[in-house]
Amino acid sequence: MIYKRITLADVKKNDEFNALINRQQSYLEELGYTEHGARHVGYVSTVTANILRELGFDKRTIELGEITGWIHDIGNTFNRKFHGLTGGVLSYNVLVRMGMDPNEASCIANAVGNHEEEVGVASTPISAALQIADKSDAHRSRVNKKGYDEHDIHDRVNMSIKKNYVVVDKAKHIIRLVLLMKATSAPMEYLQIYLPRMVMCEKAANFLGYTFELVINGVLINHHRRASEIRFRENEKDVSPE
Ligand SMILES: [Fe+2]
Ligand SMILES: [Fe+2]
């Protein structure tokens, strides 16, 4: 059987995936969730690929990571609940229909099916990179500006985040999520929402042989080290998109 080397460019041209991504976004927008459209999946696609690249994985693994990030939330088309699982089933079917090698499609499906913290466990590098990329995307640009509600903790936390980026420090084997928050929310509020996701990131980084660090406003949140030791360095490699 001859399979096609499906790339992100092919996936972006595919009508089924386009319809699914549009539907996931319009459904979640209607429900008042943060942005889950092209901005979010574009960020997750780029950061998943960049983490894999920084870790030294081969070109095809990076390409598959890029695809995985782009389609990881399509299960929301059916329902928010269990969207990782439904998205995994759906991803496999559409990708194989496009001509992808089932071995590759199953790897992507597995990562999609394991990206949510309720049931997700990383068992491949793509899955681990996807989890970190997805859970690192908290930012003010995800807030629906028209429906902004300062009494909603998700809106308040996301709106306060001016900058978010992921750093891969190969020398120290650290993957670091750096957040800059304004005083309109606080790290404690961030953790009320994101703690299980940050625990997932710790496990994902460990799977990759790395330590995960969460740094908010220059303070290391999840390890016992002094903040002075983790000041931003000029040459720090930021793998997030511009
Ligand atoms: Fe998701
Ligand atoms: Fe997501």
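This write-up is about the structure you can find in this document. Position numbers for residues count from 1 along each chain, tracking the sequence in the order it is written. Written order decides the labels, with chains lettered from A and ligands numbered from 1. Thresholds applied to this predicted model are a pLDDT of at least 70 for local features of residues and 80 or more for the giving and counting of side-chain atom pairs; totals over whole chains, interfaces and linings are not thresholded and use all residues.

### Details of unusual backbone geometry
- With a phi close to 60°, Phe82 is a non-glycine residue in the positive phi region.
- Take Phe82: it is sitting in the loop between helix H4 (59-71) and helix H5 (83-98). We count a stretch as a helix when DSSP gives it H or I for four or more residues in a row; a strand needs E for two or more, and each element gets its number in order from the N terminus.

### Topic: the sheet that holds strand S3 (residues 211-216)
- Read from one edge of the open sheet, 4 strands run S1-S2-S3-S4, paired in mixed fashion. Looking at strand neighbours, the two that pair on one side only are strand S1 (161-169) and strand S4 (219-220), the edges of this open sheet.
- A strand pair is defined by DSSP finding two or more bridges across the two strands. Across 8 bridges, S1 lies against strand S2 (residues 174-181) in antiparallel orientation. Pairing of Val166 across the sheet is with Leu177, part of S2.

### Description of the pairing of S3
- Here S2 runs beside S3; their pairing, made up of 6 bridges, is parallel. Bridge pairing links Leu177 to Leu214 in S3.
- Note that the unit made of S2, helix H9 (residues 187-207) and S3 has a crossover that is right-handed.
- Taken together, the 2 bridges between S3 and S4 define a ladder with antiparallel strand orientation. In the strand pairing of S4, Val215 is matched with Leu220. We call a crossover right-handed when, viewed with both strands directed away from the observer, the connection leading from the first strand over the helix to the second proceeds clockwise.

### So, the packing of helix H6 (residues 102-113) against helix H7 (residues 125-135)
- H7 packs onto H6 with a crossing angle of 35° between their chain directions and a minimal axis gap of 9 Å. Like other packed secondary-structure pairs, H6 and H7 cross with a definite hand, here right-handed. On H7, the residues touching Cys107, Asn110 and Ala111 of H6 are Ile126, Ser127 and Leu130.
- Classifying every residue of the contact of H6 with H7 gives 4 nonpolar, 2 polar and no charged. As a rule, the C-alpha atoms of each element are fitted with a line to give its axis, helices using only the stretch in contact, and angles between N-to-C directions run from 0 to 180 degrees. Crossing chirality is assigned from the near helix's rotation relative to the far helix, an anticlockwise turn below a right angle marking it left-handed and a clockwise turn marking it right-handed. With C-beta atoms placed from the backbone, a contact is any residue pair whose C-beta atoms sit within 7 Å. Classification used: nonpolar for Ala, Val, Leu, Ile, Met, Phe, Trp, Tyr, Cys and Pro, charged for Asp, Glu, Lys and Arg, polar for all others including Gly.

### Digging into H5
- To estimate the expected span of a helix, subtract one from its residue number and multiply by 1.5 Å. The end-to-end C-alpha distance of H5, which contains 16 residues, comes to 22 Å, matching closely the 22 Å that a straight helix rising 1.5 Å per residue would cover.
- Among all positions of H5, only His83, Gly84, Gly87, Gly88, Leu90, Ser91, Tyr92 and Leu95 are buried.
- Considering only its buried residues, H5 is in contact with helix H2 (15-30), H4 and H6.
- Just beyond H5, the residue with positive phi is Gly99, at close to 110°. Neighbour density around each residue's C-beta defines its exposure: 20 or more other C-beta atoms within 10 Å make it buried, 12 or fewer make it exposed, and counts between make it partly exposed, where C-beta atoms are placed from the backbone.

### Description of H7
- Among the 11 residues of H7, 11 are classified as buried, and the element is accordingly described as predominantly covered.
- When H7 is considered as a whole, its buried residues turn out to be Pro125, Ile126, Ser127, Ala128, Ala129, Leu130, Gln131, Ile132, Ala133, Asp134 and Lys135.
- For H7, the secondary structure elements touched by its buried residues are helix H3 (38-54), H4, H6, S1, S2 and H9.

### Brief notes about the environment of Tyr27
- Looking at the secondary structure, you find Tyr27 in helix H2.
- Separated by 53 residues in sequence, Tyr27 and Arg80 have C-alpha atoms that sit 9.0 Å apart.
- Those residues in contact with Tyr27 that lie beyond four places of it in its chain are Asn76 and Thr77.

### Section: the packing of H4 against H6
- Interaxial distance between H4 and H6 falls to 10 Å at its minimum, and their mutual angle equals 45°. Relative to H6, the element H4 lies oblique. Relative to H6, the crossing made by H4 is right-handed. Here H4 contributes Leu64, Ile67, Thr68 and Ile71 to the contact with H6, which in turn contributes Glu104, Cys107, Ile108, Ala111 and Val112. Between 65 and 115 degrees an angle is taken as roughly perpendicular, under 35 as roughly parallel, over 145 as roughly antiparallel, and anywhere else as oblique.

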